[in-house]
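# Structure assessment
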Amino acid sequence: MGNSLKAIVAFVPSKGCQKYLLEDLEEMPVDKMVDLSGRQLRRLPVHICSFRELVKLYLSDNNLNHLPAELEQLQNLQILALDFNNFKALPPVVCTLRQLCILYLGNNRLRSLPLELRLLRNLRTLWLESNCLQQLPEVVCELSLLKTLHAGSNALRGLPGRLRALRELRTIWLSGNLLSEFPPVLLHMPFLEVIDVDRNTIRHFPSLAHLPGLKLVIYDHNPCRNAPKVARGVRRVGRWSEESPEPRKRSGALADIAPEDLPPLPPASAEAEPE
């Protein structure tokens, strides 16, 4: 079915047209997964909410801006993908899905998150990239089992100190924000394994050598005058990483080098696919 035809049919609310878009999805799939990505949907067909044993629901790349209250019936849902839609606010019904482990909210227009998000006690992975967040919502700090946080391509200028309470957090992705300094709270999170602050405006990096769990730090595309010091075996991706030396130090401090005089960036390295 062509995308242009889907877009036209999506405007027509008749049962026949919706059936056409859903390609006869009338019964609970054997694999307990429904993928309605890229169907040009403007509303979620309510009968999908009758599949009460559903574990995975992918609604990416549609035109959704709300969800029906009947979604609450999907109490076995573990993965919900709402990325690449038109949500300006997270529908409250999402916070009733207590078994959710992975929640994709990237590429929407979110400016905040509801306090009810704290009810998702089993959430392990949260994707918030490419939204309109000017600060990381404090409620994220209450997701005690969170292991992976993707918050890149927003407008974050810092991180809340309460983030250190997330002792299960292992990877944090902050690329493409407005960080002018390395977030101090990350220096108090020894359990972190991956820190990505690529494409910010950080000019100086503190030492990260005291973080025993750290395996990878990505700090490329910052106007920095030094590379973060790390423990042996930790991989760095950025200026003056393993492939090229740092500028000379003068009287115990870094020489004052104008950004235009800095050595060229090393060739881009292939980055591992985030969890």
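Residues numbered from 1 in each chain as written. Predicted model: local features only at pLDDT ≥ 70, side-chain atom pairs only at ≥ 80, totals over all residues. Heavy atoms only, no water.

Per an unreviewed UniProt entry, the protein chain carries the name LRC10 protein and comes from Nothocercus julius.

## Remarks on the packing of aromatic side chains
Applied cut-off: Only centres within 6.5 Å qualify two rings of Phe, Tyr or Trp (six-membered ring in Trp) as a pair; their planes then separate them into stacked at under 30 degrees, edge-to-face at over 60, and tilted for everything else. The numbering of helices and of strands both runs from the N terminus, where a helix is a DSSP run of H or I of at least 4 residues and a strand a run of E of at least 2. When a residue's accessible area, from a 1.4 Å probe over protein chains only, is under 20% of the maximum for its type it is buried; when over 50% it is exposed; and in between it is partly exposed. Geometrically, a charge over a ring is one whose NZ (Lys) or CZ (Arg) sits within 6 Å of the ring centre while staying within 35 degrees of the ring normal.
Per the stated rule, a full pass over the model turns up three aromatic pairs. Ring geometry for F205 and Y219: centres 5.4 Å apart, planes at 65 degrees, overall edge-to-face. Of this pair, F205 sits in the loop between β8 (194-196) and β9 (216-218) while Y219 sits in the loop between β9 and β10 (235-237), and the two are 14 residues apart along the sequence. You'll find F205 and Y219 in the same group, each marked buried. Among the aromatic residues, those joined into a ring-pair cluster are F182, F205 and Y219. Positioned above the aromatic ring of W240 is the side chain of R239, whose terminal nitrogen or guanidinium carbon lies 5.8 Å from the ring centre.

## Quick word on the side chain of E129
Our working rule: Whether two residues are in contact is decided by their heavy atoms: any pair within 4.5 Å suffices.
Mapped onto the elements, E129 comes out in the loop between β5 (125-127) and β6 (148-150). Ignoring sequence-local partners within four residues, the contact set of E129 consists of G106, N107, H150, A151, G152 and N154.

## Comments concerning the pattern of salt bridges
Our working definition: By convention in these notes, a salt bridge is any Lys or Arg side-chain nitrogen within 4 Å of a carboxyl oxygen on Asp or Glu.
This model, assessed by the stated rule, comprises five salt bridges. Across the salt bridge formed by E142 and R162, the nearest N and O atoms sit 3.7 Å from each other. Of the two residues, E142 is situated in the loop between β5 and β6 and R162 in the loop between β6 and β7 (171-173); the sequence distance between them amounts to 20 residues. Using a relative accessible area of 22% as the deciding quantity, one classes E142 as partly exposed. Of the residues examined, R162 reaches a relative accessible area of 41% and is grouped as partly exposed. Residues E193 and K215 are paired through a salt bridge, measuring 3.9 Å at the closest nitrogen-oxygen approach. Here E193 is found in the loop between β7 and β8, whereas its partner K215 is found in the loop between β8 and β9, with 22 residues between them in sequence. The exposure class assigned to K215 is exposed, which follows from its relative accessible area of 52%.

## Some details on the sheet that holds β9
The condition that has to hold: In this description, strands pair whenever DSSP reports at least two bridges between them. Between N-to-C directions, angles span 0 to 180 degrees; the directions come from axes that are lines fitted to C-alpha atoms, helices contributing only their stretch in contact.
Pairing is parallel across the open sheet formed by 10 strands, whose spatial order is β1-β2-β3-β4-β5-β6-β7-β8-β9-β10. Two strands in the sheet have a free side with no partner beyond their single neighbour: β1 (33-35) and β10. Averaged over all adjacent pairs, the angle separating strand axes in this sheet is 5 degrees, with direction ignored. Sheet topology note: the β1/strand β2 (residues 56-58) ladder contains three bridges and is parallel. Along β2, the bridge assignment pairs V34 with L57.

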